[in-house]
Amino acid sequence: MATGKINVQTENIFPIIKKFLYSDHEIFLRELVSNAVDATQKIKVLSSLGEFKGELGDLKIEVKLDKDKKTLTISDHGIGMTSDEVEKYITQVAFSGAEEFVKQYKDKTDAVNNIIGHFGLGFFSAFMVSAKVEVITHSFKDGSEAVRWECDGSPDYTISSSDKKDRGTDIVLHIAEDSLEFLEKERITHILNKYCKFLPVEIKFGEQEHTEKDEAGKETKVITDNIINNPRPAWTHKPTELKDEDYKSFYHELYPATFEDPLFWIHLNVDYPFNLTGVLYFPRLKNNFEIQKDRIQLYCNQVFVTNTVGEIVPDFLSLLQGVIDSPDIPLNVSRSYLQSDSNVKKISAHITKKVADKLEELYKKDRTDFEQKWEDIRVFVQYGMLSEEKFFEKAKNFALFKNTEGKCFTFDEYENHIKPLQTDKDKKLVYLYTNHPTDQHPYVEAAKARGYDVLVMDSPIDVHYVNFLESKLKDSTFVRVDSDTAERLIKKDDGMPSKLSEEEQKSLQGLVEEIMPKDKFKVEFEALSETDQPIVITRPEFMRRMKDMSAMGGGNNFYGTLPDMHNLVVNTNHPLIAKIVEEKDASRKKQLLRQASDLAMLSQGLLKGESLSTFIKRSVELIG
């Protein structure tokens, strides 16, 4: 058996790194600025440990454009490099100076946890947009000489002495002809705002001019550095250091186009068994169920990674907004997206628990305030309960039902509230609900006339939610108020006697079926109260629910293809029906029957077009 080592030639690997390491070439600026931040953090660590005794000075990182020279320069006043270190860190592909530094000092100070670099590849992203790259650097070490390193993107490079006097490093990119977009100020501003907005060291990009007034009121123009980042964003503070206004201000910094304040927020601050910080905000959702999967931003040591966080944030949490930052989240080599591992699952579970705990805390602390916010967070809570079993177990203690009177109940409270009147003959608890109180007003009123309570369930996902709750709430069923007549919504043992004989019903059925199309209406006769409508149109609960679920992307798609079917229920105890039966004039009988049927259709919004015009004309004639 023979063994050996794979030989990787720089002639082959270099073009691959240049072309394929990063899917988006703009990331080069994030990588180079991150390296500058690391260099700055290193000198601060060494200063705190007494290994660097000089003045730290101005540690600002500066990004400079020179369109005439076609250069983009990233300058720092960090640790710098000697000639040997340039050879070691720059010319060795995938050798991470940052990782080496962390290993050397991790037992001496926690400050090394802020070092960003890891893979030792970020510097080479410069060649994706550059015809030539220069590194001009001067080490902090006493007696060191400044160094200039140059490379045109081939494996060949030169090292020479430099006249650079100050400590730190300048990376000079000579932008290639196919990447001239990166010489535009607006383009660079966009990239810095996207990736570097919260880096922990001030980043200067140009200058800005503003006016200041002196004591006499005289205005003078003042030119200051244009600092593009906030080095101490809210999530890097302890919760005790922040006030409500600080959280709101940070929210609008994250989402400048959003004018409303968030409802509330959760400050994540975990250091064991993984490191996780962040702030998650609850926006005002109302009944908006548009899941925006790019509203939570993922950072690693304050470097923006992605706003696609599906691996770490369950679907229902994507309705939230905010920031998550963790150095313990595994990233791919280009730090562009997550890689799944056990830590990701633990962090995801922790975030879910924190959100549930926060909601329960708000409910217990001030129920009145929680009820006022319920309409804004209802969709979120419902979606969470549908999606995550552990969230459901927590949420069932604070999730609310709201009835047509505007009163809120917990699950247990509502069960006790309706049990006396809304238990059917099979001992099942019947939850009556409306998904549109205005359109279904007659049905709601008919149910309330019998002493029943009616819930408002009009969120976009309630059709799935009621199915889910039927599987969770013991011996319970949900019935929409327009799915049957008020008398039959909750089936009891006792029934009303009918004033029409079977023969009278049979003769009337033939007339109704002549008027109403059989493929859309099933004709039924029922002994209802005299105060109920003469003819009532209902939509069978099962079929309607299946069609609604199909339309929402759930349930059996077969039902979505079926035509709408309604029940047309004739109230055999209503005086008008008795009058129609007694009417001797066949034409008049049919006219009255059609009028009563059209009234029932009108109440359901089913009377349209020519049928509606005919109804109006007939109504005028009958009145006359």
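Refer to the structure printed above.
Analysis parameters
Throughout, a residue's number is its position along its own chain's written sequence, starting from 1. The predicted nature of this model means local features are confined to residues of pLDDT at least 70 and side-chain atom pairs, given and counted, to a pLDDT of 80 or more, with totals for whole chains, interfaces and linings taken over all residues. Based on all heavy atoms of the structure, the side-chain values leave hydrogens and waters out of the count. Put simply, DSSP H or I for four residues or longer makes a helix, DSSP E for two residues or longer makes a strand, and each gets a number counted from the N terminus. The span one expects for a helix is its residue count, reduced by one, times 1.5 Å. Only protein chains enter the area calculation, which uses a 1.4 Å probe; residues under 20% of their type maximum are buried, those over 50% are exposed, and those in between are partly exposed. For our purposes a nonpolar core is just a set of buried Ala, Val, Leu, Ile, Met, Phe, Trp, Tyr and Cys residues, chained together by side-chain atoms within 4.5 Å. Should any heavy atoms of two residues lie within 4.5 Å, those residues are considered in contact. Across the chain, bend at a residue is computed as the angle between axes fitted to the seven residues ending at that point and the seven starting from it. In this description, strands pair whenever DSSP reports at least two bridges between them. Between N-to-C directions, angles cover 0 to 180 degrees, with each direction set by a line fitted to C-alpha atoms, over the stretch in contact for helices. Only Phe, Tyr and Trp rings take part, Trp by its six-membered ring, and two of them pair if their centres are within 6.5 Å. Stacked means planes under 30 degrees apart, edge-to-face means over 60, and tilted covers everything else. Residues adjacent in sequence count toward polar contacts only when both atoms are side-chain atoms; beyond that, a polar contact is any pair of N or O atoms within 3.5 Å, and within protein one must be able to donate a hydrogen and the other to accept it. By definition here, a salt bridge exists when the distance from a side-chain nitrogen of Lys or Arg to a carboxyl oxygen of Asp or Glu is within 4 Å. Working definition: roughly parallel below 35 degrees, roughly antiparallel above 145 degrees, roughly perpendicular at 65 to 115 degrees, and oblique for all remaining angles. Less than a right angle of anticlockwise turn of the near helix away from the far helix marks a crossing as left-handed, whereas a clockwise turn marks it as right-handed. For this scheme, ten residues count as nonpolar: Ala, Val, Leu, Ile, Met, Phe, Trp, Tyr, Cys and Pro. Four count as charged, namely Asp, Glu, Lys and Arg, and the remainder, Gly too, count as polar.

Novice: Even after reading the chapter, I still don't get helix α2 (residues 27-48), so can you show me in this structure?
Specialist: One full turn of an α-helix is made of 3.6 residues, so residues set three or four places apart face in the same direction. Look at α2: 31 Å from first C-alpha to last across 22 residues, which is about the 32 Å you get at 1.5 Å a residue. With 18 of 22 residues buried, α2 is to be regarded as a mostly interior element. Glycine 50 sits one or two residues past α2 and shows a positive phi near 80°.

Novice: Would you mind showing me how to read the nonpolar core here?
Specialist: Most often, soluble globular proteins have nonpolar side chains that are buried together. Residues Val355, Leu359, Phe380 and Val381 are the most contacted members of the largest nonpolar core, which totals 63 residues. Not counting the four nearest positions on each side in its chain, phenylalanine 380 is found in contact with Phe282, Leu285, Phe316, Leu317, Leu319, Leu320, Val355, Leu359 and Phe391. If you look at the next biggest cluster of nonpolar residues, it comprises 56 residues, including Val86, Leu173, Phe198 and Tyr247.

Novice: What's the story with helix α8 (residues 367-387) in this structure? I'm lost.
Specialist: Its 21 residues place the ends of α8 only 25 Å apart at the C-alpha level, less than the 30 Å of an ideal helix rising 1.5 Å per residue. The largest bend along α8 reaches roughly 70° and is located at aspartate 376.

Novice: Teacher, can you tell me more about the sheet that holds strand β19 (residues 521-526) here?
Specialist: Strands in a sheet are paired, the pairing made by backbone hydrogen bonds, and the direction either parallel or antiparallel. Across the sheet, which stays open at both edges, the three strands sit in the order β19-β21-β20 with mixed pairing between neighbours. With partners counted over all chains shown, the strands left at the sheet margins are β19 and β20 (535-538), one partner each. Taking each pair of neighbouring strands and ignoring which way they run, the sheet shows an average axis angle of 25°. Where β20 and strand β21 (residues 566-571) come together, four bridges link them in antiparallel fashion.

Novice: Is there a simple way to think about the packing of aromatic side chains in this case?
Specialist: Under the defined criterion, the tally for this structure stands at 35 aromatic pairs. Arranged with centres 5.8 Å apart and planes meeting at 50°, the rings of phenylalanine 401 and tyrosine 431 form a pair that is tilted. Note that phenylalanine 401 is positioned in strand β14 (residues 400-402) and tyrosine 431 in strand β16 (residues 429-434), a separation of 30 residues in sequence. For phenylalanine 401, a relative accessible area of 3% corresponds to the buried category. An aromatic cluster is present here, built from Phe401, Phe409, Phe411, Tyr414, Tyr431, Tyr433 and Phe478 joined pairwise through their rings.

Novice: Whenever I open this one, the side chain of glutamine 297 confuses me. Can you help?
Specialist: The topology assignment puts glutamine 297 in strand β11 (residues 296-300). For glutamine 297, the side chain forms a polar contact with the side chain of tyrosine 299, separated by 2.8 Å. Excluding its chain neighbours within four sequence positions, the residues that come into contact with glutamine 297 are Leu254, Tyr255, Phe304, Thr306, Asn307, Gly322, Val323 and Ile324.

Novice: What's the story with the pattern of salt bridges in this structure? I'm lost.
Specialist: When their charged atoms lie close together, side chains carrying opposite charge are able to pair. Following the criterion strictly, the structure yields 45 salt bridges and no others. In this structure, arginine 488 and glutamate 526 form a salt bridge, with 2.6 Å as the shortest nitrogen-oxygen distance. Residue arginine 488 is found in helix α13 (residues 486-489), and its partner glutamate 526 is found in strand β19; the two are separated by 38 residues along the sequence. Through salt bridges with shared partners, one network takes in Asp58, Lys60, Glu62, Lys204 and Asp225.

Novice: Please explain the pairing of strand β12 (residues 303-306) as it appears in this structure.
Specialist: Looking down a regular strand, the side chains alternate between one sheet face and the other. Taken together, the three bridges between β11 and β12 define a ladder with antiparallel strand orientation. Bridging across to β12, tyrosine 299 finds its partner in phenylalanine 304. Joining the antiparallel neighbours β11 and β12 is a turn of two residues, in which asparagine 301 adopts a positive phi near 55°.

Novice: Please explain the sheet that holds strand β10 (residues 276-282) as it appears in this structure.
Specialist: Here five strands make up an open sheet; going across it, the order is β9-β10-β13-β11-β12 and the pairing mixed. Either end of the sheet is taken by a strand with one partner, and the two such strands are β9 (264-270) and β12. Recorded for the sheet is a direction-independent mean angle of 20° between the axes of neighbouring strands. Strand direction decides the pairing type here: β11 and strand β13 (residues 321-325), joined by four bridges, are parallel. Looking across to β13, one finds that leucine 298 is bridged to isoleucine 324. Packed on one face of the sheet, helix α6 (residues 244-254) meets β9, β10, β11 and β13 and runs near 85° to β10.

Novice: Whenever I open this one, the side chain of asparagine 230 confuses me. Can you help?
Specialist: For asparagine 230, the location among the structural elements is in the loop between β8 (219-227) and α6. When residues no more than four places from it in sequence are discounted, the contact partners of asparagine 230 are Lys197, Phe198, Leu199 and Glu253.

Novice: What is the right way to read unusual backbone geometry from this model?
Specialist: Peptide bonds are trans in most cases, and residues, glycine excluded, mostly fall at negative phi. Positive phi outside glycine occurs at glutamine 302, with the angle close to 70°. Looking at the secondary structure, you find glutamine 302 in the loop between β11 and β12. Within the chain, aspartate 475 stands out as a residue other than glycine whose phi angle is a positive 50°. With respect to the helices and strands, aspartate 475 occurs in the loop between α12 (462-472) and β18 (476-480).

Novice: Even after reading the chapter, I still don't get the pairing of strand β3 (residues 130-138), so can you show me in this structure?
Specialist: The element β3 is largely enclosed, with a buried count of seven among its nine residues. Here β3 runs beside strand β6 (residues 168-175); their pairing, made up of eight bridges, is antiparallel. What sits directly across from serine 130, in β6, is isoleucine 175. Two strands pair when backbone bridges link them, and β3 and strand β4 (residues 147-151) are joined in this way by five bridges, in the antiparallel orientation.

Novice: Would you explain the packing of helix α17 (residues 575-582) against helix α18 (residues 586-603) in this entry?
Specialist: Each pair of packed helices can be described by the angle between their axes along with the distance between the axes. It is at 9 Å that the axes of α17 and α18 come closest, and there the two elements cross at 155°. When the axes of α17 and α18 are compared, the pair comes out roughly antiparallel. In the crossing of α17 with α18, the sense of the turn from one axis to the other is left-handed. Every residue of α18 that contacts α17 at Leu576, Ile580 and Val581 is listed here: Lys589, Leu592, Leu593 and Ala596. Partitioned by chemical class, the residues of the contact of α17 with α18 number six nonpolar, no polar and one charged.

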